[in-house]
Structures are given as structure tokens and as C-alpha cells.
Amino acid sequence: MVWLQLFFLHPVSHYQGAAFPFALLFNYLCSMDSFSTPARHLFLLVGGGALAWAAMGSFAVLIFIPALCAVVLISSVSPQEVHRWTFFFQMSWQTLCHLGLHYTEYYLQEPPSTRFCITLSSLMLLTQRITSLSLDICEGKVEAASGGLRSRSSLSEHLCKALPYFSYLLFFPALLGGPLCSFQRFQARVQGSSSLCPRRSFWALTWRGLQILGLECLLVVMRRVVSAGVGLADCHQLQCIYVMWSTAGLFKLTYYFHWLLDDSLLCAAGFGSEFGKSPGEEGYIPDADIWTLETTHRISLFTRKWNQSTARWLRRLIFQQGRAWPLLQTFAFSAWWHGLHPGQVFGFLCWAVMVEADYLIHTFADLFIRSWPMRLLYRTLTWAHTQLIIAYIMLAVEVRSLSSLWLLCNSYNSVFPMVYCILLFVLAKRKHKLN
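Bear in mind the structure is a predicted one, so any value in this text is a computation, not a measurement.

Teacher, can you tell me more about the overall build of the chain here?
Helix and strand counts for the chain come out as 18 helices and zero strands. Relative to the compact-globule value of 22 Å for 435 residues, the chain shows a C-alpha radius of gyration of 23 Å, a close match. Projected onto the principal axes, the alpha-carbon positions of the chain cover approximately 70 × 60 × 50 Å. Carbon and sulfur atoms provide 67% of the accessible area of the chain, an area that totals close to 21500 Å².

I'm lost on the packing of helix H15 (residues 342–368) against helix H16 (residues 372–399) in this one. Help?
Between H15 and H16, the shortest axis-to-axis distance is 9 Å and the interhelical angle comes to 170°. In terms of orientation, H15 lies roughly antiparallel with respect to H16. In this structure, H15 uses Gly 343, Gln 344, Phe 346, Gly 347, Phe 348, Cys 350, Trp 351, Met 354, Ile 361, His 362, Ala 365 and Asp 366 to contact H16, whose residues at the interface are Arg 375, Tyr 378, Thr 382, Ile 389, Ile 390, Tyr 392, Ile 393, Ala 396 and Val 397. In the contact of H15 with H16, the residues fall into 14 nonpolar, five polar and two charged.

Quick question: what am I supposed to make of the packing of aromatic side chains here?
In this description, a pair of aromatic rings is defined by centroid distance and the angle of the planes. Tallying each qualifying case throughout the model produces 33 aromatic pairs. Ring centres of Phe 26 and Phe 35 lie 6.2 Å apart, and the angle between their planes is 75°; on these two criteria the pair is classed as edge-to-face. Each member of the pair, Phe 26 together with Phe 35, is buried. Centre to centre, the rings of Phe 89 and Trp 93 are 6.2 Å apart; their planes meet at 25°, and the pair counts as stacked. Here Trp 93 and Phe 89 lie together in helix H5 (residues 82–107), a separation of four residues that amounts to about one turn. Here a set of aromatic residues connected by ring pairs shows up, and it is made of Phe 26, Phe 35, Phe 43, Tyr 165, Tyr 168, Phe 171, Phe 172, Phe 183, Phe 186 and Phe 271. Its guanidinium or amino end placed over the ring of Phe 271, Arg 189 lies 5.9 Å from that ring's centre, counting from NZ or CZ.

I'm lost on the environment of Ala 391 in this one. Help?
The residue Ala 391 is located in helix H16 in this model. Ala 391 sits 143 residues away from Ala 248 along the chain, and the two C-alpha atoms are 5.1 Å apart. Once residues lying within four places of it in the same chain are set aside, the contact partners of Ala 391 are Met 244, Trp 245 and Ala 248.

Honestly, H16 in this entry has me stumped. Any pointers?
Note that an α-helix has 3.6 residues per turn; residues three or four places apart therefore point the same way. When the terminal C-alpha atoms of H16 are compared, their 40 Å separation across 28 residues agrees well with the 40 Å that a helix rising 1.5 Å per residue should span. Looking one or two residues beyond H16, the residue adopting positive phi is Arg 400, at roughly 70°.

How should I be thinking about the packing of helix H2 (residues 11–29) against helix H3 (residues 37–56) in this particular structure?
Each pair of packed helices gets described by two things: the angle between the helix axes and the distance between those axes. Between H2 and H3, the least distance of the axes is 11 Å, while the angle of their chain directions is 175°. Between H2 and H3, the crossing angle belongs to the class labelled roughly antiparallel. Here Tyr 15, Ala 19, Phe 22, Leu 25, Phe 26 and Leu 29 of H2 lie close against H3, whose contacting residues are Arg 40, Phe 43, Leu 44, Leu 51, Ala 54 and Ala 55. Across the contact of H2 with H3, the residue classes tally to eleven nonpolar, no polar and one charged.

What is the right way to look at the side chain of Ser 132 in this model?
For Ser 132, the position within the fold is in helix H6 (residues 114–138). Residues contacting Ser 132, with those up to four places away along its chain left out, are Tyr 168, Leu 180, Trp 313 and Arg 316.

What am I meant to see in the state of the cysteines here?
Working definition of a disulfide: a covalent bond connecting the sulfur atoms of two cysteines. A complete count under the given rule lists one disulfide for this structure. Between the sulfur of Cys 235 and that of Cys 240 lies a disulfide, 2.1 Å long from S to S. Here Cys 235 and Cys 240 share a disulfide; its torsion about the S-S bond, 95°, makes the bridge right-handed. As far as burial versus exposure is concerned, Cys 235 and Cys 240 are alike and both buried.

Sorry if this is basic, but what is going on with the pattern of salt bridges here?
For the coordinates displayed, the defined rule picks out ten salt bridges. Between Lys 141 and Glu 139 there is a salt bridge, and its shortest N-O distance comes to 3.5 Å. Its salt-bridge partner being Asp 366, residue Arg 375 comes within 3.8 Å of it at the nearest N-O pair. On the basis of relative accessibility, which here comes to 32%, the residue Arg 375 falls in the partly exposed class.

Honestly, the side chain of Gln 16 in this entry has me stumped. Any pointers?
Relative to the helices and strands, Gln 16 is located in helix H2. Ignoring any residue separated from it by four or fewer positions in sequence, one finds Gln 16 in contact with Leu 176, Gly 177, Leu 261, Asp 262 and Leu 265.

Looking at this model, I keep getting lost on unusual backbone geometry. Mind explaining?
In terms of backbone geometry, most residues other than glycine have negative phi values and most peptide bonds are trans. One non-glycine residue, Gln 109, adopts positive backbone phi at about 55°. Of note, the phi angle at Trp 325 is positive, near 50°, even though the residue is not glycine. Its place among the elements puts Trp 325 in the loop between helix H13 (308–319) and helix H14 (326–338).

Before we go on, may I ask you to explain the confidence of the model for the chain in this structure?
This prediction gives the chain a mean pLDDT of 88; 90% of its residues lie at or above 70. Across the chain, the element-wise mean pLDDT spans from 40 in helix H1 (residues 2–9) up to 96 in H14. Per-residue pLDDT stays below 50 along residues 1–9; that stretch engages in 13 contacts with residues further than four places along the chain or on separate chains.

Is there a simple way to think about the nonpolar core in this case?
Side chains of nonpolar character tend, in soluble globular proteins, to be buried together. If you look at the biggest cluster of nonpolar residues, it comprises 69 residues, and the most contacted ones within it are Met 56, Leu 169, Phe 171, Leu 176, Phe 186 and Phe 271. Among the elements that make up this core, the one with the highest residue count is H6 (ten residues). If we ignore the near neighbours within four places in the chain, the residues touching Phe 186 are His 41, Leu 44, Pro 164, Ser 167, Tyr 168, Phe 171, Cys 181 and Phe 271. Counting 54 residues, the second largest nonpolar core, distinct from the first, contains Leu 293, Trp 306, Phe 416 and Leu 424.

Please clarify how a nonpolar patch on the surface should be interpreted in this entry.
A cluster of nonpolar side chains, namely Val 221, Val 225, Tyr 242 and Trp 245, defines an oily patch on the protein surface of about 390 Å² accessible area. Listing elements by their share of the nonpolar patch, those giving two or more residues are helix H9 (198–228) and helix H10 (239–269). The topology assignment puts Val 225 in helix H9.

Definitions and cut-offs
- Residues numbered from 1 in each chain as written.
- Predicted model: local features only at pLDDT ≥ 70, side-chain atom pairs only at ≥ 80, totals over all residues.
- Heavy atoms only, no water.
- Helix = DSSP H or I, 4+ residues; strand = E, 2+ residues; numbered from the N terminus.
- Rg over C-alpha atoms; globule rule 2.2 N^0.38 Å.
- Areas by Shrake-Rupley, 256 points an atom, 1.4 Å probe, with all protein chains shown as cover.
- Axes fitted to C-alpha atoms, helices over the stretch in contact; angles between N-to-C directions.
- Parallel < 35°, antiparallel > 145°, perpendicular 65-115°, else oblique.
- Contact = heavy atoms within 4.5 Å.
- Nonpolar A, V, L, I, M, F, W, Y, C, P; charged D, E, K, R; others polar.
- Phe/Tyr/Trp six-rings, centres within 6.5 Å; stacked < 30°, edge-to-face > 60°.
- Buried < 20%, exposed > 50% of the residue type's maximum accessible area, 1.4 Å probe, protein only.
- Lys NZ or Arg CZ within 6 Å of the ring centre and 35° of its normal.
- Expected span 1.5 Å × (residues − 1).
- Disulfide = S-S within 2.5 Å.
- Salt bridge = Lys/Arg side-chain N within 4 Å of Asp/Glu carboxyl O.
- pLDDT = per-residue confidence, 0-100.
- Core = buried A, V, L, I, M, F, W, Y, C linked by side-chain atoms within 4.5 Å.
- Patch = residues over 30% accessible without salt bridge, like charges linked within 9 Å, V, L, I, M, F, W, Y side chains within 5 Å.

Dropping the structure here:
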């Protein structure tokens, strides 16, 4: 079974699979009244620590230190200032770690350690949880530990108050991947009873398992297609479009596979969509909406649906706070959060321009295209163009190096984003005249 071999050879899949029985055990134990809330927090925290050491080795310290510092800041800084301090510290720490990756890849020109790459990925997810929690505290959605470190409470009392924060930041079902889970939802799940009846849980996990199996089979086919063909360095003219499309298809299938696997682990632990939603709390948002991503003809909709929980986190953290050019600020921050590799900077800034163009193009199209045959033709052409532009952006972001980025920009593939850039310029001038 090739797919099974490939599944267990992938390091993150291996560790997520190893955590699966413990996620099911946690969900089962939550049905027992004797399994107290502190015990649940400890189970998730110890599981997160063990998974971190197993997957990252000594690099796990790079996860434990910012988690500890975040809890100290949350417990000692006022609610009005906590987000500013935690955001500054966490992004500074993450940037230093990414600079270590840059040093290894670009200066030493050596392949980075797999464990270090897993650590960086986990650190990016930790940044999401820390900033989400600090924003909740700043906005009054979550009440910070009263008194903080300045109070005269004993050490054990301080640790008991800080335990939910430690548990949330390092809980093992979301340590290596998965949609962002808010602190409110996390607390509701930990303090509640088991969320699923055995039959419903079985069928939910079985359906996800079948989806993962189907995606893995498609991945095997796409790997063979891509490996059998030429690369961007050897392709000629229109052949480069096929190379770009097939390579981006392989990247997308890989993302879909891991998103579904991460979602399955959260579901097994009881943090999935089946748990429901508490009053005043944001619902569960899975990262993969494959049908919408593959059928939409709008880049703006694709952007909102791609890695949905991260898109919502970026919208809340940057877009809604920005006063001038919020869209550009959001994509620029996304490039920073991802590591500021040359391909990522180019790819995310190109993505921002494409989204802006998409808004104008579809606004004018809705005004001037009336008949349904023309609308059908327009939708078909814009769907193909959207998929090719996304493939272009995805290759730019994933290849990272300047040499590969130069090959992509020098190929026929650059025609697709250039068309949208020209339309953006023309339609922006026309909009200005109409106003």
C-alpha cells in the first residue's frame, strides 16, 4: 500500500497519527465525572509537552520559552496593554527563529533540520493562539487572572490560575496543526462533558478518514505526474503553464490532506465542529473548504476560504485594526509571519494586488454583463484565470529561493497576473472618473 507508506513517512503525519489514540482517550475520559477540570488541563498540557519533545527534540525549548513568557505577561500586564506586549515579544521571538532558518538556507546553503522546520510551524500556530488570547483579554471577552503575579497569593495558587493558559497554548491536538481554537471554546470544551456519542463520533471520524484516504490516493497520482514531467527550468513557452498548474495542484492536495488530518485529531479530542457553539463564542472553522476553493471564480472568495481560521485571525489581528491600506498591511504581515523568504514577500504582495483587482473586475462585470450566456462564459473564464493566478502565487510562495522565483517570473505564467494588473489600472481610472 503506497499511500500508507507515504503517510507514515511524512514526519508531521507520523506524530499526528501517534497522538490520535491519546485524543480519543481524552474524549472518553471527559465523559467521567471523576476526570476533573484541572486533570483535563494537565492531560492536555503534558500531552503537548511530550509531543513537542518527540517531534522537535531539543528545539522544543523554542516553543516552551515563548509559551512561558506569554503566560507571565498575561498574568502581570494590565488587560489594556497585554496585547501590545505579547504581540511584540512573540513576533520578535518568531522572527529570530526564522532568521536562523534564513542563515541555514541562504548563508550556509544547507538543508534545515526537519525537527527545526516542525518547530517553526508549531511556533507560528503558537503565535496565533497567543495573539488570539491577548486580543480576547484586551477586548474583555476573556477575564485575565485577577491580581496577577503582583498579588500575595502562594505559588500553587498562581500556578492553578495559570494552568488553563499553559494548557491552551500547548494542548497537543493543536500543537502541530489544526484550525485556530479560541480560548473560550477551549475552556467550554475542557469544562464540559464528552461532546460526542460513540456512534456519531465513529461516523464523523470515518468520513474524515475516507476523505484523507482519497486525497492520499490523488497525491500519489499527482506526485508521479509532477516527477515524470519537466520543471520550470526546462519547460518551454506554453508547457510552463502545465508545469505550474500540476505543481500547484500537488501543493494544494498536500495542504488539503494535512488540514483534514489535523481536523480529525481535533475532532477525536472533542474540539471539532461536532462540539457545537456556546453563546457569545465563535464557532469552529475548519481550514479546508475544498469545494469552494476548487470551484470559485473569485480570488477574494478563495482568499477568505483558504486556510479559513488563519484568514479570520489575520482579518481580526491586522485588517480590522489598520487605518490606511488594510489589505496591503494584512498581506505584508502574512509574509512576515510566514518568514519573509523572497518568494513569500513577492507572492503575498502579488496576492494583495490580485484581490484588489478582483473586487474591481467583478464589480464592473456585475454592472455590464446581463445575459446568462455571457455570464456563464464570464464565470468560466474567470474561474480558469483565478485558478491559474492562485497556482502562480502558490509557486512563488513555496519555491522561496530567488533563482526559482526568477524562473517563474520569466515564464509565460506571468501573463495571468499581468492581465489583472492591467485591468486594475484601467478600471481604477474609470472608477475615479465615474466618481
